[in-house]
Each structure stands twice: as C-alpha cells, then as structure tokens.
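Summary of structural features
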Amino acid sequence: MRLPADRVERIHARSEGNPFYAEQLLAAGVDAGDAEIALPPTLADVVLARVQALSEPAQQVLRVAAVAGRRVSHHLLAQVAGWPEADLEQGLRQAIGAGVLIADGTTGTYAFRHALLQEAVYSELLPGEQVRLHAAYARVLASEAEGVAAELAHHFLASHNLAGALAASVRAAEEAAAVLAPAETLRHLTTALKLWERVPDPAGVTGTHRVELMLRAAAAAHAIGDLPRAVALAEDAAAEHGANPAWAARAYERLGMYLQYAGRVEDALRARARAVELVPAAPPSRLRHG
C-alpha cells in the first residue's frame, strides 16, 4: 500500500529516522488514514523503559519538562517546578545520566533525546496534571519578554484559557509576520479565527476585528501560494455580518486582487466594483480614486 507523502513525512518526523519507531508508528496507524497517528502502547513501553528506571523525583522533573515540549530552558523549568534548586538539579542529573535528557550549556536548555520520549512521558500525565502544568507555564511565560506568544498560546489553549489563547495567537501571528514567516502567520491566525466565536468580547480581547484577522490570514495564504485559501478567506471577510462599509470595501478589494491572481478576471472586476460602491464619495480615499 502506497502512503500519502504527507503521512510519510509525519512518520519520519516523529520517528526521527529510527526504523523500529517508524515501523511501529506505521503499524499503529495503518487504518487511520490521514489522521494523526497515536503513539502505540508497545512503542510507548519501549521508550518509557529508561524513564521508569529512574527515581520518582527524576521522573517528576521529566513530567514537568514534557509539558513544555521537546526543549525547555532551565529558567522556565525551575519557575514552573517550583522546587529547591538542589532537588531540581539532582533530578536533572539522573535524567541526563540515563540519556533521557540532553543538556545544552550554551543555551541553558534541556531537550529530550528523542521526540517520542517527550510524547510518551507527556501521555503518562493525568488530564488534570496536564491542565495544571500548562497553566503554570502560561503564567510564567505571560511575564516574559516579547517573542514567546506562540508558546504562550499553546499553553493557554491546553489549559482551557480560551481568551488568553486568542490574544496570544493574534500576537504570535504578528510576531511571525514581523520575521516574514507567512506559513506560521497563517497557522496562528487560523487558530485565532477558530477561537473567535468561543470567547466573550473577542474584539475587546484582541483589540481588532474579525474581518481584519481574515484579511491578514488571506494575505498570508497568498504569500505561501495558496490562492484558493486566500480567495476563500477574503470571501468570508466580505460576507462577514456586522462589518462596516469601510471594512467590507477593503475585503472586496482584497478579494478582487486574489481573484485576478487566480485568473478569474470577470469575478475580480465584479469584486472591485463592489468595493468602490461601498466606499463613501467623501472624504477622498485610495480605494475609490485609485
């Protein structure tokens, strides 16, 4: 059976090229189609064997670290764990000595030796532990400097703080756009748009309008060459109920541009004509007067 290329890429990424891990992931997901392949129990047992041989304090350090993801800084781990430094270091030494964690003295971080180790340790946490630790990471990160919005959004979402996740997702999109990363920008804006209807007063939380987020997402989709998605997002923005004429006009103008790039010239002209109709004659504007 020939697997779709994207599924092969996911298996390779998670197994990091380890043939045994790849084989186990493939076997577990053979009937899963394009869905995310869950870590099979047999593979989890293999990767957790080294962890379970450690002392309970060392295992607890690993549980806290796993909630951060594949890599965590010493500063962040210490803040979230809240342990005396000596106890934390003892647990870390055991984990490093057993080859579960790798220390990077240059960056002051620790990383799980293999991505599946982090997945397996995380999966051993109770749901309540996961929520509590994600919330703890979010509290610490919220007081950090700029540049952590993506990480913050992840922890807010995992701890069921939807308003925090919405605001952080919008900031993460802004940070990604600032470094010219349109794929990341689109990913964060997609998350924000999904959360929009689930949060009270989303405009107040984000300081922006849903139409604006749709148009930013459309621009990001266009930047990565996904014209159908750019058109769809601009169409949704143009159809958004409650948008004032200026927002609607901007949405139709953007829609016209994407339609033209897509080769749909007549549709593009109609969209741009609609944009002009929605713009007041006064005061003069770039949209009406070119």
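Above: the structure in question.
Conventions we followed
- Residues numbered from 1 in each chain as written.
- Predicted model: local features only at pLDDT ≥ 70, side-chain atom pairs only at ≥ 80, totals over all residues.
- Heavy atoms only, no water.
- Buried < 20%, exposed > 50% of the residue type's maximum accessible area, 1.4 Å probe, protein only.
- Helix = DSSP H or I, 4+ residues; strand = E, 2+ residues; numbered from the N terminus.
- Contact = heavy atoms within 4.5 Å.
- 1 Å grid on protein atoms, 1.4 Å probe; cavity = no way out; pocket = protein on both sides within 12 Å on 5 of 7 lines; lining within 4 Å.
- Points joined across faces, edges and corners; volume = space filled by probe spheres on them.
- Nonpolar A, V, L, I, M, F, W, Y, C, P; charged D, E, K, R; others polar.
- Axes fitted to C-alpha atoms, helices over the stretch in contact; angles between N-to-C directions.
- Parallel < 35°, antiparallel > 145°, perpendicular 65-115°, else oblique.
- Left-handed = near helix turned anticlockwise from the far one by under 90°.
- Pairing = 2+ DSSP bridges.

What follows is about helix α9 (residues 149–158). Among the residues of α9, those classed as buried are Ala149, Leu152, Ala153, His155 and Phe156. Contacts from the buried residues of α9 go to α4 (56–68), α8 (127–142) and α10 (162–178). Positive backbone phi, at 65°, marks histidine 160, one or two positions downstream of α9.

There is about 180 Å³ of room inside the largest pocket. In terms of lining, the largest pocket is formed by Ala173, Glu174, Ala177, Leu180, Ala181, Pro182, Thr185, Leu189, Arg216, Ala219, Ala220 and Ala223. At the level of secondary structure, the elements contributing two or more residues to the lining of the largest pocket comprise α10, α11 (182–196) and α13 (210–223). Looking at the lining of the largest pocket residue by residue, the class counts come to nine nonpolar, one polar and two charged.

Now for the packing of α13 against helix α15 (residues 245–261). Remark: α13 packs on α15, axes separated minimally by 11 Å, with the N-to-C direction vectors making an angle of 15°. In terms of orientation, α13 lies roughly parallel with respect to α15. Handedness of the α13/α15 crossing: left-handed. Taken together, the residues of α15 that come into contact with α13 (itself represented by Val211, Glu212, Leu215, Ala218, Ala219 and His222) are Trp247, Arg250, Ala251, Arg254, Tyr258 and Tyr261. Among the residues making up the contact of α13 with α15, the classes are represented as eight nonpolar, one polar and three charged.

On to the environment of leucine 88. Note on placement: leucine 88 falls in helix α6 (residues 85–97). Sequence separation between leucine 88 and histidine 74 is 14 residues, and the spatial gap between their C-alpha atoms is 9.7 Å.

Before going further, it helps to examine the packing of α4 against α8. Running from N to C, α4 and α8 point in directions that differ by 65°, and their axes come no closer than 9 Å. As for how α4 packs across α8, the hand of that crossing is right-handed. Counting all contacts with α4, which are made through Arg63, Val64, Ala65, Val67 and Ala68, the residues of α8 involved are Leu133, His134 and Tyr137. Considered class by class, the residues forming the contact of α4 with α8 number six nonpolar, one polar and one charged.

It is worth spelling out the side chain of glutamate 212 at this point. On the secondary structure map, glutamate 212 appears in helix α13. The buried category is assigned to glutamate 212, whose relative accessible area is 12%. Once residues lying within four places of it in the same chain are set aside, the contact partners of glutamate 212 are Trp247 and Arg250.

So, about the sheet that holds strand β1 (residues 71–73). Within a beta sheet, neighbouring strands are joined by backbone hydrogen bonds and run either parallel or antiparallel to one another. With antiparallel pairing, the three strands of this open sheet are ordered in space as β1-β3-β2. With one partner strand each, in any of the chains shown, β1 and β2 (101–104) form the two edges of the open sheet. Adjacent strand axes in the sheet meet at a mean angle of 25° when their direction is disregarded. Sheet analysis places β1 next to strand β3 (residues 109–112), joined by three bridges and oriented antiparallel. Along β3, the bridge assignment pairs valine 72 with tyrosine 110. The strands touched by helix α5 (residues 74–81) within the sheet are β1 and β3, with β1 carrying the most contacts at an inclination of about 80°.

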